Amino acid sequence: PIGIEETPPGERSDARRATRARLGIGDSTVVVGNVARLVPFKGHKILLEAAHRVVQRVPDVLFLIIGDGELQATLEAQAGTLGVAGNVRFLGFRDDLHLWYPAFDVYCHSSLDMAEEMFPIAILRALSAGLPAVCTRVGGIAGMVREGFSGHLVAPGDPEALAAALVPVIRNADLRTRMGEGAVSLFRDQFHATAMAERVESVYVKTLERL
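Procedures and definitions
- Residues numbered from 1 in each chain as written.
- Predicted model: local features only at pLDDT ≥ 70, side-chain atom pairs only at ≥ 80, totals over all residues.
- Heavy atoms only, no water.
- Helix = DSSP H or I, 4+ residues; strand = E, 2+ residues; numbered from the N terminus.
- Expected span 1.5 Å × (residues − 1).
- Buried < 20%, exposed > 50% of the residue type's maximum accessible area, 1.4 Å probe, protein only.
- Arc of directions from axis to C-beta.
- Contact = heavy atoms within 4.5 Å.
- 1 Å grid on protein atoms, 1.4 Å probe; cavity = no way out; pocket = protein on both sides within 12 Å on 5 of 7 lines; lining within 4 Å.
- Points joined across faces, edges and corners; volume = space filled by probe spheres on them.
- Nonpolar A, V, L, I, M, F, W, Y, C, P; charged D, E, K, R; others polar.
- Polar contact = N/O pair within 3.5 Å; in protein donor to acceptor, adjacent residues only side chain to side chain.
- Axes fitted to C-alpha atoms, helices over the stretch in contact; angles between N-to-C directions.
- Phe/Tyr/Trp six-rings, centres within 6.5 Å; stacked < 30°, edge-to-face > 60°.
- Pairing = 2+ DSSP bridges.
- Right-handed = clockwise from strand over helix to strand, strands pointing away.
- Salt bridge = Lys/Arg side-chain N within 4 Å of Asp/Glu carboxyl O.

Asks: An account of helix α1 (residues 9-23) is requested, with residue identities and associated values reported.
Replies: Look at α1: 21 Å from first C-alpha to last across 15 residues, which is about the 21 Å you get at 1.5 Å a residue. Turning to α1, its buried residues number three or more, namely Arg12, Ala15, Thr19, Arg20 and Leu23. End-on, the buried residues of α1 take up no more than an arc of 115 degrees, which puts them together on one face. Residues Arg17 and Ala21 are exposed on α1 and point more than 90 degrees away from its buried face. On its buried face, α1 is in contact with β1 (30-35), β2 (61-66), β3 (88-92), α4 (97-100) and α5 (121-128).

Asks: Got a sec to walk through the layout of surface pockets? Specific residues and values, please.
Replies: In this model, the largest pocket occupies a volume close to 380 Å³. Elements represented by at least two residues in the lining of the largest pocket include exactly α1 and α7 (173-191). Here the residues of the lining of the largest pocket sort into nine nonpolar, four polar and five charged. Estimated volume of the second largest pocket: approximately 260 Å³. Lining the second largest pocket we find 16 residues, and of these Val35, Ala36, Arg37, Leu97 and Ala122 sit closest to its centre.

Asks: Help me get a handle on the environment of Asp96, residues and values and all.
Replies: Here Asp96 is to be found in the loop between β3 and α4. Only 3.3 Å separates the side chain of Asp96 from the side chain of Arg94, close enough to count as a polar contact. A polar contact of 3.0 Å, which involves the side chain of Asp96, links it to the side chain of Trp100.

Asks: Could you give an account of the packing of α5 against α7, with specific residues and numbers?
Replies: The interhelical angle for the contact between α5 and α7, taken along N-to-C directions, is 115 degrees, at an axis separation of 7 Å. Together, Leu124, Leu127 and Ser128 of α5 and Ala183, Val184, Leu186, Phe187 and Phe191 of α7 make up the contact between the two elements.

Asks: Give a description of the packing of aromatic side chains that names residues and reports values.
Replies: In the structure shown here, the tally under the stated rule is three aromatic pairs. Grouping aromatic residues by their ring pairs yields a cluster made of Tyr101, Phe104 and Tyr107.

Asks: Quick rundown of the pairing of β1? Include the residues and the values.
Replies: Burial analysis of β1 places six of its six residues in the buried class, the great majority of the element. The sheet contact formed by β1 and β2 spans six bridges and is parallel. Each residue of the ladder has a partner; that of Val32, found in β2, is Phe63. Following the backbone out of β1, through helix α2 (residues 44-57) and into the adjacent parallel β2, one traces a crossover that is right-handed. Note that β1 and strand β4 (residues 106-109) share two bridges and pair parallel. Following the sheet pairing, Val32 is matched in β4 by Val106.

Asks: Explain the pattern of salt bridges to me, using residue names and the numbers behind them.
Replies: The full count for this structure, using the stated rule, is six salt bridges. A salt bridge links Arg17 to Asp14; the nearest nitrogen and oxygen atoms lie 2.5 Å apart. One end of the pair is Arg17 and the other is Asp14, both in helix α1 and three residues apart, which spans about a single turn. A relative accessible area of 54% means that Arg17 is categorised as exposed. When its relative accessible area of 45% is taken as the criterion, Asp14 is described as partly exposed. One salt bridge connects Asp105 with Arg20, and the closest N-O pair in it is separated by 3.1 Å. Residue Asp105 is found in the loop between α4 and β4, and its partner Arg20 is found in helix α1; the two are separated by 85 residues along the sequence. Residue Asp105 shares its accessibility class with Arg20, and that shared class is buried. Each of the salt bridges in this network shares a partner with another, and the network as a whole consists of Arg16, Arg20 and Asp105.

Take a look at the structure:
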């Protein structure tokens with residue numbers, strides 16, 4: 001798998017404070033982040049249906065959706081119809097994601113299509129930021145999220161299952177901390193750029209030994 005560098009924890013803390021202050025988000029509000037193109041296979045309609053269920057159980061929650069695409073107007077209308085427009089913000093395309101991930105408390109990826117989701121970089125960034133990840137079990141996502149350790153995996157296309165997985169993580173700060181630590185551990189072990197480089201190097205060494 002591809003690897004990325006880790007943002008130092010101090011920089012993440014600074015970015016968290018600055019970004020949440022900019023958005024007017026209080027410390028008590030739990031932020032669920034999603035970074036994905038607003039296209040059908042990313043499952044945003046399911047995410048909004050799950051958000052509707054979550055808000056009924058945990059009112060002080062905010063879903064931040066970063067990305068643009070063909071479904072933006074449709075999804076904004078759906079949020080209004082579901083009565084969660086006040087709990088969902090569509091932030092459009094951002095090229096400063098290193099400032100946004102630290103502002104999240106939980107990361108959620110709701111993709112539907114197994115063939116399209118081989119290795120979402122958005123989830124990789126969430127792991128590196130120490131975020132518990134609640135995601136659908138499609139494509140390569142199951143290899144990126146360890147059930148119960150760094151987050152939860154649910155079947156795609158099931159808003160009730162997605163909501164049921166999100167609610168305990170949103171409600172329990174200790175659980176978020178524990179899963180966040182698990183996410184960082186998993187990231188450093190398997191997905192850090194250094195780990196990736198070492199694995200690639202080992203392939204070259206083994207190949208040269210056969211010559």
